[in-house]
Amino acid sequence: MNERGVITMKDIARELGVSVATVSRALKDSPRISQQKREKIQAYAEEHHFYPNVIAETLRNSRVALPKIIGVIVPQIAHYYFSTILAGIEEQSRVRGYRIMVAQSNEQYEREKRICESFLEHRVCGVIVSLAKDTTRYEHFQRLVDNHLPVVFYDRICTGVNTNRVVVDDYMGAYTAVSHLIDTGCRRIAFFSSSMSLEISKNRYNGYRDAILKRGLNVDDSLHYICDERSEAEMITPKILNSPNRPDAFFAINDDTAIGILYSAKRMGFRVPQDISICGFTNGERAIACDPQLTTVEQRGHMVGEEAVDILVDHVEGITPPDKVVKRVVRTRLIVRGTTR
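In every chain, residue numbers begin from 1 and rise along the written sequence. Note on the predicted model: pLDDT of at least 70 is required for a residue's local features to be given, and 80 or more for side-chain atom pairs to be given and counted; whole-chain, interface and lining totals, by contrast, use all residues. Processing note: side-chain calculations cover all non-hydrogen atoms of the structure and skip hydrogens and water entirely.

Points about the packing of aromatic side chains
Then step 1. Under the pairing criterion, centres of Phe, Tyr and Trp rings, with the six-membered ring standing for Trp, must be within 6.5 Å; the plane angle then separates stacked pairs below 30 degrees from edge-to-face pairs above 60, leaving the rest tilted. Scanning all chains against the criterion turns up 11 aromatic pairs.
Then step 2. Ring plane angle 15° and centroid distance 5.4 Å describe the contact between F191 and F251, whose orientation is recorded as stacked. Here F191, found in strand 6 (residues 189-193), pairs with F251, found in strand 8 (residues 249-252); they are 60 residues apart in sequence, far enough to count as distant. The two residues F191 and F251 agree in class, both being buried.
Then step 3. A network of ring pairs unites the aromatic residues F191, Y205, Y208, F251 and F281 as a single cluster.
Then step 4. Throughout this description, the term charge over a ring refers to an Arg CZ or Lys NZ atom that lies within 6 Å of the ring centre and within 35 degrees of the ring normal. Against the face of Y98 rests K68, its NZ or CZ located 4.6 Å from the ring centre.
Then step 5. In this structure, R230 is placed above the aromatic ring of Y263, and the distance from its NZ or CZ to the ring centre is 5.5 Å. Numbering of helices and strands runs from the N terminus, with a helix taken as a DSSP run of H or I at least four residues long and a strand as a DSSP run of E at least two residues long. Buried means the residue's accessible area, taken with a 1.4 Å probe over protein chains only, is under 20% of the maximum for its type, while exposed means over 50%, and partly exposed covers the values in between.

Things to note about the sheet that holds strand 1 (residues 69-74)
Then step 1. We call two strands paired when DSSP finds no fewer than two bridges between them. The strand order across the open sheet built from six strands is 2-1-3-4-5-11, with neighbouring strands paired in parallel fashion. Since the sheet does not close on itself, it has two edges, and those belong to strand 2 (99-104) and strand 11 (327-330), each with one partner. Each strand axis lies, on average, 15° off the axis of its neighbour in the sheet, ignoring direction.
Then step 2. As defined by bridge partners, strand 5 (residues 164-168) adjoins strand 11 across four bridges and the pair is classed as parallel. Note on strand 11: the bridge partner recorded for V166 is R328.
Then step 3. For this analysis, residues touch if any pair of their heavy atoms sits within 4.5 Å. For helices, the fitted line uses only the C-alpha atoms of the stretch in contact; every axis is such a line through C-alpha atoms, and the angle between N-to-C directions lies from 0 to 180 degrees. Lying on the sheet, helix 12 (residues 301-316) is in contact with strand 1, strand 3 (126-129), strand 4 (151-154), strand 5 and strand 11; it crosses strand 5 at an angle near 165°.

As structure tokens, this is what we get:
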């Protein structure tokens with residue numbers, strides 16, 4: 001193995017008693033190598049998680065230095081918050097002398113897994129990633145760590161692998177938002193969250209819950225809904241507002257969901273914020289494009305991206321010891337606008 005603990009074609013050749021050229025041809029399924037030998041070499045490579053070094057192969061006869069590339073996994077590039085984080089990652093990577101290779105998991109575990117394999121194949125120097133919604137297994141991230149690749153999680157972090165992370169203060173952001181709703185007269189506050197398998201949902205629920213309890217109110221779990229998209233919010237909000245004991249406020253996991261609530265409430269004839277108060281979590285461009293403008297928690301995605309790059313590059317360049325796990329928290333801020341009293 002090389003200094004990063006990654007198996008190479010030389011290692012395979014030495015272990016199987018063949019030449020490097022034979023290994024290379026076998027991995028490319030060349031008919032010049034017997035089928036039996038091809039299968040033996042391919043099986044050994046798969047068993048030991050060998051990935052061809054595409055970049056090195058491309059640059060083998062070039063005098064250009066191997067580029068310093070950071071792999072970045074984004075759940076959804078179209079999502080405003082992730083796009084601001086990506087902007088911060090791109091800008092800070094350029095400042096630190098690195099390039100980025102960006103891939104979108106599209107909220108799918110299998111796609112996320114394949115991206116990690118591709119990053120290993122392309123020999124990126126490290127990976128910055130936010131979990132897909134349906135990811136509950138983490139062996140693909142552990143493989144990155146086992147191959148001595150620095151990994152930094154942002155926003156949706158992975159607790160199953162002990163590695164670096166940068167997050168916003170989800171707990172305090174939720175606590176401040178819900179406290180504001182209560183302080184302005186709201187008493188029954190619904191919470192629209194993402195899956196509770198995600199740490200951000202757990203942390204924001206805890207902030208929501210503690211704000212209610214510390215104001216002397218009762219937590220009603222029937223007001224907690226798994227809903228984190230505008231279309232879903234528009235489907236379930238009318239039923240909630242038609243219930244006999246409807247909530248007088250909503251706290252949503254993101255701005256798009258909050259805007260879905262706002263649209264539904266107004267369409268049903270409710271006045272916002274006189275009848276219903278609404279608070280989101282992002283402070284994206286849409287927060288000021290609705291009527292009334294949305295009260296929301298600002299996440300500072302650009303700063304999250306910058307911090308993630310600095311953590312990763314410091315590991316790559318040896319500024320931070322390889323066995324040190326770095327955890328950073330970016331503070332949130334409540335932006336009060338027209339959807340709350």
